[in-house]
Amino acid sequence: MKVRSEIPPVYVTQPLLPPLEEFVPYLEKIWANKWLTNGGPFHQQFEQALCDYLGVKYLSLFTNGTLGLVTALQTLRITGEVITTPYSFVATAHSLLWNGIKPVFVDVDPLTLNLDPHKIEAAITPQTTAIMPVHCYGHPCDVGSIQKIADNYGLKVIYDAAHAFGVQDKAGSVLNHGDLSVLSFHATKVFNTFEGGAIVCPDEKTKLRVDHLKNFGFVDEVTVVAPGINGKMSEINAAFGLLQLKGIGAALQKRKAIDTRYRSGLSGVKGIDCLSAAGERVASYAYFPILVRNDYTLSRDGLFQELQDNGIFARRYFYPLISEFSMYRGLASASAANLPVATKVAREVICLPIYPNMTVEQCDFVIDLIMKQ
Ligand SMILES: *Cc1c(COP(=O)(O)O)cnc(C)c1O
């Protein structure tokens, strides 16, 4: 039994929450006008404010990111097979199964941990209709190569952008790539509305279709054009999102400072690798993954346990791989032989705590623990 440190437990993340009293005026407005959901005033304002902040043209708010993914596939009428990554949160592949689509797993790049574009073509069959990559940990995918393949084979591209809130590459928002991008505003994400999400759309026509699909397929009081779902965001969540936007800039700065501190603190530790830094790119600093290699003094799970024994509740994102869960492991593409990089990384990764209010002392405590093993 290890000695527990005297500091209180540190979890992998802590939700961004503005002062409660700042939310009260928003609630008073909702109570006054009694418009609770179905595209109310806060919903409209929040959609516009997010478009402005993120630098995208059109966006449709959702109850959560998973319904956003499910609806994005419906929007583009995706069927058959979709190429995706095993190294993600299960919702990525689940959204395919919910649409009766067969996921085809392709391995990830060892440096970015995103779908490896060099391995996509070999997985394309006559049934393939789309690619669903993930900007893992907010690191942008190789969007250029993916689009080239999609264009060559007539495939759609739907990005799971759950980690990529506010992320920009040289061309601007990373959310403008592909046919659609899906965001999550879950409590554990960089930007949250308790639960929530959004589909980023390239044009007004697509946004209209998404808006219909998230409202049962209604286009007016008496006309239903598709078997839609209820994916609408409520006024409470939209109002909260508007308030959250005011604090997001400062929150990202604090995340960046923690990221920088970890990087310099861990840079000399033998057997511990960090992913490449964002550099000049505008990043989300959503996660701080480290890879525990063979030449570290402990195994990955040994270090994970050591951290836990000291009150540091890190997480092994993404372990197990999606392809290892029972509903996927029977697929030919789910074999470890097909996914050597993802399989190795899933056994090396630990996501260290990172959140805006994490203190320098907490960060240094984690670094010291990893250094002294
Ligand atoms: C969080 C997450 C989702 C699901 O989002 P919810 O809003 O929780 O439904 C999907 N994909 C990835 C990669 C995620 O991290």
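Since we're looking at a predicted model, the values are computed, not measured.

What follows deals with the nonpolar core. Counting 60 residues, the largest nonpolar core has Phe46, Leu50, Leu59, Tyr87, Tyr137 and Phe185 as its most contacted members. Secondary-structure elements contributing two or more residues to this core are helix H1 (20-33), helix H2 (41-54), strand E2 (58-62), strand E10 (197-201), helix H7 (235-266), helix H9 (340-346) and strand E16 (349-352). When residues in this core are grouped by element, the largest group, nine residues, is from H7. Ignoring anything within four residues of it in the chain, the contact list for Phe46 reads Leu61, Phe185, Phe191, Thr193, Met233, Ala238, Gly241, Leu242 and Leu245.

As a further point, take the site of the ligand. The environment of the ligand is formed by 14 residues, the closest being Thr66, Asp160, His163, Ser184 and Lys189. Gly65 places a polar main-chain atom, nitrogen or oxygen, 2.8 Å from an oxygen atom of the ligand. Broken down by secondary-structure element, the contributors of at least two residues to the shell around the ligand are helix H3 (65-75) and helix H4 (91-97). Of the residues that constitute the shell around the ligand, the class distribution is three nonpolar, nine polar and two charged.

A few words on the domain arrangement of the chain. Splitting the chain by domain gives domain 1 (20-246) and domain 2 (248-371). Between domain 1 and domain 2, the C-alpha centre-to-centre distance is 25 Å. Each partner contributes residues to the interface: domain 1 has 39 residues there, and domain 2 has 32 residues. A combined buried area of about 3,000 Å² lies between domain 1 and domain 2, and 68% of that area is made up of carbon and sulfur atoms. When the buried area of domain 1 at its contact with domain 2 is split by residue, Phe105, Tyr137 and Val190 rank highest and sum to 24% of it. The interface formed by domain 1 and domain 2 includes zero salt bridges. At the boundary of domain 1 and domain 2, one finds 14 residue pairs in polar contact (both at pLDDT 80 or more). Within the residue set of the side of domain 1 that touches domain 2, elements represented by two or more residues are H4, strand E4 (102-105) and H7. For the side of domain 1 that touches domain 2, a count of residues per class yields 23 nonpolar, 10 polar and six charged.

Strand order in the open sheet made by the three strands is E13-E14-E16, with antiparallel pairing throughout. Each of the sheet's edge strands pairs with one partner strand only, and the pair in question is strand E13 (272-274) and E16. Strand-to-strand twist in this sheet, taken as the mean axis angle between neighbours without regard to direction, amounts to 35°.

Compared with the 20 Å implied by 1.5 Å per residue over 14 residues, the 21 Å span of H1 between its first and last C-alpha is a close match. Taken together, the buried positions of H1 are Phe23, Tyr26 and Ile30. Positioned one or two residues after H1, Lys34 has a phi angle of 60°, which is positive.

Next up on the list: the packing of aromatic side chains. By the definition in use, this model includes 20 aromatic pairs. Judged by centre distance (4.5 Å) and plane angle (0°), the ring pair of Phe165 and Phe191 falls under stacked. You can see Phe165 sitting in the loop between strand E6 (156-160) and strand E7 (168-169) and its partner Phe191 sitting in the loop between strand E9 (180-184) and E10, a full 26 residues away along the chain. Accessibility assignment for this pair places Phe165 and Phe191 in one class, buried. Where Phe194 meets Phe240, the ring centres are 4.8 Å apart and the plane angle is 85°; that geometry is what we call edge-to-face. Taken together, the positions of Phe194 in the loop between E9 and E10 and Phe240 in helix H7 put the pair 46 residues apart, joining distant regions of the chain. One cation-aromatic arrangement involves Lys189 over Phe89; the distance from NZ or CZ to the ring centre is 5.9 Å. A cation sits over an aromatic face here: Arg316 above Phe304, 3.9 Å from the ring centre.

Applying the stated criterion to the full structure yields 15 salt bridges. Of the charged contacts in the structure, one is a salt bridge between Glu324 and Arg347, with a shortest N-O distance of 2.7 Å. One end of the pair, Glu324, is in the loop between strand E15 (312-313) and H9; the other, Arg347, is in the loop between H9 and E16, and 23 residues separate them in sequence. Look at Glu324 and you get partly exposed, because its relative accessible area is 24%. One salt-bridge network, held together by shared partners, links Glu47, Lys207, Asp211 and Lys214.

This next bit is on unusual backbone geometry. A cis geometry characterises the amide bond from Tyr317 onward to Phe318, with omega recorded as 5°. Structurally, the position occupied by Phe318 is in the loop between E15 and H9. One non-glycine residue, Arg77, adopts positive backbone phi at about 55°. Inspection of the secondary structure assignment puts Arg77 in the loop between H3 and strand E3 (81-84). Residue classification places Arg77 among the exposed positions, given a relative accessible area of 59%. Of note, Phe194 is a non-glycine position whose phi angle comes to about 70°, a positive value.

What counts, and at which threshold
Residue indices follow the written sequence of each chain, beginning from 1 at its first position. For this predicted model, a pLDDT threshold of at least 70 governs which residues receive local features, and a threshold of 80 or more governs which side-chain atom pairs are given and counted, while totals over whole chains, interfaces and linings are taken from all residues. Hydrogens and water are ignored here; the side-chain numbers use all heavy atoms of the structure. Definition used in this section: a nonpolar core is a set of buried Ala, Val, Leu, Ile, Met, Phe, Trp, Tyr and Cys residues joined via side-chain atoms within 4.5 Å. Each residue gets one of three labels from its accessible area relative to the maximum for its type: buried under 20%, exposed over 50%, partly exposed in between, using a 1.4 Å probe on protein chains only. Numbering of helices and strands runs from the N terminus, with a helix taken as a DSSP run of H or I at least four residues long and a strand as a DSSP run of E at least two residues long. When checking whether two residues touch, look at their non-hydrogen atoms; a contact exists if any pair is within 4.5 Å. Put simply, a residue is near a molecule or strand once any heavy atom of it comes within 4 Å of that molecule or strand. Definition of a polar contact: a pair of N or O atoms within 3.5 Å, with one able to donate and the other able to accept a hydrogen when the atoms are protein atoms, and with sequence-neighbouring residues admitted only if both atoms are side-chain atoms. Classification used: nonpolar for Ala, Val, Leu, Ile, Met, Phe, Trp, Tyr, Cys and Pro, charged for Asp, Glu, Lys and Arg, polar for all others including Gly. Marked domain ranges trace back to an automatic or database domain assignment. By definition, the buried area sums, over both parts, the 1.4 Å-probe accessible area that each loses when the two are put together. Just to be clear on terms, a salt bridge is a Lys or Arg side-chain nitrogen sitting within 4 Å of an Asp or Glu carboxyl oxygen. In this description, strands pair whenever DSSP reports at least two bridges between them. Note on geometry: axes are lines fitted to C-alpha atoms, helical ones only across the stretch in contact, with angles between N-to-C directions running from 0 to 180 degrees. Any helix carries an expected span of 1.5 Å times its number of residues minus one. Any Phe, Tyr or Trp ring, taking Trp's six-membered ring, that has another such ring centre within 6.5 Å forms a pair; planes under 30 degrees apart are called stacked, those over 60 apart edge-to-face, and the others tilted. Whether a charge lies above a ring is judged from NZ of Lys or CZ of Arg, which has to be within 6 Å of the ring centre and within 35 degrees of the ring normal.

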